[in-house]
Structure formats: C-alpha cells, structure tokens
Amino acid sequence: MKKVAVILSGCGVFDGSEIHEAVISLLALARQGATYQCFAPDVPQLHVINHLTGTVSEGESRNVLVEAARLCRGQIRDVAELDGADFDALLLPGGFGAAKNLCDFAVKGAQCQIQPDVLKACRSFANARKPAAYICISPAMIPLVYGAGTLATIGNDPDTATAMETMGASHLDCPVNECVVDEERRVISTPAYMLANNIVDAADGIEKTVKQLLAMC
C-alpha cells in the first residue's frame, strides 16, 4: 500500500488550505488504495480572513498546524518532521494558504521564498526522485523546489504564469480537468480552483492527478 505525505496550509480558502481540494485529495488517495499522513508548518498564519465577509480579522492570530488539524480530524504532524524517505509520494493542495503560509508568493510574487521546513520536506522528495503533486496555486513553489525549466501549471492566468516563469518554471496552460506532468523531475500539477467553477470541476483534475501520482510511485 502506497504511503503519501500531504502538506496542508491551514483551513479555509482565503487564509489556509482550500477545503474542497484537501478533502477531494484525501478521498481520492483513499479510494485509489493509498494511505496518507497530513503535515503542516507549526507557524502563525499570515493573517486570519473572515470567510463570511472576505475581510481581514484585525488582531486575530491562528496557527497553521492547529487550523489544518480541522481538515484531518486531528491526525496531523509538524512538517518539520516530514522526511521523504518515509513516504512514496507527496501532495500539496492549494488555497491561498499555500501562497501565504507555505510560501510568501501571495505577497512577494516572483521574489517569494518557501517556509524553510516546507522547503526541506519538498526537496527531500525531489532529491529522492519520488513523485509529487502540486494543486491549484501550490505549483508556484515548483521552480524553487525543482529548479529552472520544470514543467508546471496553474491553469491559464497570465500574471501568475509570468511570475512562475520569472522564477524559472516552464509554464504550460492546462484545462481544469487535466494535469501537467514533468516526467523527468516526477512532479505533477493541476489547476483545480484556479479554474474550477464548482466542486465537480475541481474533482475531475484532482482525481486524475492522484491517479497519475500513484502510478508514478
């Protein structure tokens, strides 16, 4: 049975992991016969968003690991403990938390950096040539993990694609129900809610991505 590490970034589309993407990913892994362990960085969120109004909740602070625990019934570990040697593959759902808490792409764009524990974990899979899947906005981290020329997609948003190419990725436009595979570096990406109009759209691409991920193990 294949073991997959999943890195979450909080709980909620605007300041953490996109809940639909995270749950669909976990369900797809389980349905396709894999086991998974969730991880998240033990750090404060960039900020807290009121998901009813879309505004920043001034003066409120939440922890990424604590919030991400909501998505996996408390079964989660600090990403600082994640070692690619213990797993067959890696998966990162999207949501603004991926661009705010796992890295600072949402703030710094092409000048972004990945949170150190997250970067170490992701590179442990890349260096071991174990497959990884990045969903929605999380592929913005791919060039910082895999280096220049890596194939990746966030769909077709020109500004985001340009920023990724400035960072060194080779961006390919991709429809919501497909994924882009860099066979050489063994990394997969899919747009999900960068393009999805509903949960079915998101599920189509994610399920295909998970199938590809497990096939590459």
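Scroll up a little and you will see the structure.
What comes next concerns the included structure. (Residues numbered from 1 in each chain as written. Predicted model: local features only at pLDDT ≥ 70, side-chain atom pairs only at ≥ 80, totals over all residues. Heavy atoms only, no water.)

1. Section: the side chain of Thr190
- Secondary-structure assignment places Thr190 in strand 11 (residues 187-190).
- Setting aside its immediate chain neighbours within four residues, Thr190 contacts Tyr134, Ile135, Cys136, Thr153, Val176, Glu178, Cys179, Gly205 and Thr209. (Helix = DSSP H or I, 4+ residues; strand = E, 2+ residues; numbered from the N terminus. Contact = heavy atoms within 4.5 Å.)

2. Regarding helix 8 (residues 199-215)
- Spanning 17 residues, helix 8 covers 24 Å between terminal C-alpha atoms, matching the ideal 24 Å at 1.5 Å per step.
- Looking only at helix 8, the buried set comprises Ala202, Ala203, Gly205, Ile206, Thr209, Val210, Leu213 and Leu214.
- Considering only its buried residues, helix 8 is in contact with strand 1 (3-7), helix 1 (19-31), strand 6 (89-92), strand 7 (132-135) and strand 11.
- With a side-chain oxygen lying 3.1 Å from the backbone nitrogen of Val200, the N-terminal cap of helix 8 falls on Asn198. (Expected span 1.5 Å × (residues − 1). Buried < 20%, exposed > 50% of the residue type's maximum accessible area, 1.4 Å probe, protein only. Polar contact = N/O pair within 3.5 Å; in protein donor to acceptor, adjacent residues only side chain to side chain.)

3. With respect to the pattern of salt bridges
- For the structure shown, the criterion picks out 8 salt bridges.
- Ionic pairing is found between Arg77 and Glu81, a salt bridge with its closest N-O pair at 3.1 Å.
- For the salt bridge of Arg185 with Glu184, the shortest nitrogen-to-oxygen distance reads 3.9 Å.
- Residue Glu184 is classed as exposed on the basis of its relative accessible area of 56%.
- What you see here is one network of salt bridges that share partners, running through Glu60, Arg62, Glu67 and Arg70. (Salt bridge = Lys/Arg side-chain N within 4 Å of Asp/Glu carboxyl O.)

4. Focus: the sheet that holds strand 11
- Read from one edge of the open sheet, 7 strands run 5-2-1-6-7-11-10, paired in mixed fashion. Of all strands in the sheet, those with a lone pairing partner are strand 5 (76-78) and strand 10 (180-182), marking the two edges. With strand direction ignored, the average angle separating the axes of adjacent strands in the sheet is 25°.
- Here strand 6 pairs with strand 7 via 3 bridges, running parallel. Residue Leu91 lies in a different strand from strand 7, and its bridge partner there is Ala133.
- Each of strand 1, strand 6 and strand 7 is contacted by helix 5 (residues 116-127), which is oriented at about 140° to strand 6, the strand it contacts most.
- Of the strands in this sheet, strand 1, strand 6, strand 7, strand 10 and strand 11 are in contact with helix 8, which crosses strand 11 at around 175°. (Pairing = 2+ DSSP bridges. Axes fitted to C-alpha atoms, helices over the stretch in contact; angles between N-to-C directions.)

5. With respect to the packing of helix 1 against helix 8
- Interaxial distance between helix 1 and helix 8 falls to 9 Å at its minimum, and their mutual angle equals 40°. As far as their axial angle goes, helix 8 and helix 1 are oblique. Seen from above, helix 1 lies across helix 8 with right-handed handedness. Contacts between helix 1 and helix 8 involve His20, Glu21, Ile24, Ser25, Ala28 and Leu29 from the former and Ile199, Ala202, Ala203, Ile206, Glu207, Val210 and Leu214 from the latter.
- Looking at the contact of helix 1 with helix 8, its residues break down into 9 nonpolar, 2 polar and 2 charged. (Parallel < 35°, antiparallel > 145°, perpendicular 65-115°, else oblique. Left-handed = near helix turned anticlockwise from the far one by under 90°. Nonpolar A, V, L, I, M, F, W, Y, C, P; charged D, E, K, R; others polar.)

6. Let's talk about the packing of aromatic side chains
- Taken as a whole and assessed by the stated rule, the structure comprises 3 aromatic pairs.
- Judged by centre distance (6.4 Å) and plane angle (80°), the rings of Tyr134 and Tyr146 are edge-to-face. On the criterion of sequence distance, the pair formed by Tyr134 in strand 7 and Tyr146 in helix 6 (residues 142-146) is long-range, its members being 12 residues apart. By the burial criterion, Tyr134 is buried, and Tyr146 matches it.
- It is Lys3 that lies over the ring of Phe87; its NZ or CZ is 5.3 Å from the centre. (Phe/Tyr/Trp six-rings, centres within 6.5 Å; stacked < 30°, edge-to-face > 60°. Lys NZ or Arg CZ within 6 Å of the ring centre and 35° of its normal.)

7. Focus: the nonpolar core
- With 73 residues, the main nonpolar core has Leu82, Leu90 and Tyr134 as its most contacted residues.
- Sequence-distant contacts of Leu82, that is, excluding residues within four places in its chain, are made with Ala5, Ile7, Phe39, Phe87, Leu90, Ala121 and Phe125. (Core = buried A, V, L, I, M, F, W, Y, C linked by side-chain atoms within 4.5 Å.)

8. Description of helix 1
- Look at helix 1: 18 Å from first C-alpha to last across 13 residues, which is about the 18 Å you get at 1.5 Å a residue.
- Taken together, the buried positions of helix 1 are occupied by Glu21, Ala22, Ile24, Ser25, Leu26, Ala28 and Leu29.
- Among the structural elements, strand 1, strand 2 (35-40), strand 6, strand 7 and helix 8 are those in contact with the buried residues of helix 1.
- The N-capping residue of helix 1, defined by a side-chain oxygen 2.8 Å from the backbone nitrogen of His20, is Glu18.
- Where helix 1 ends, the next residue or the one after it, Gly33, has phi of about 90°, a positive value.

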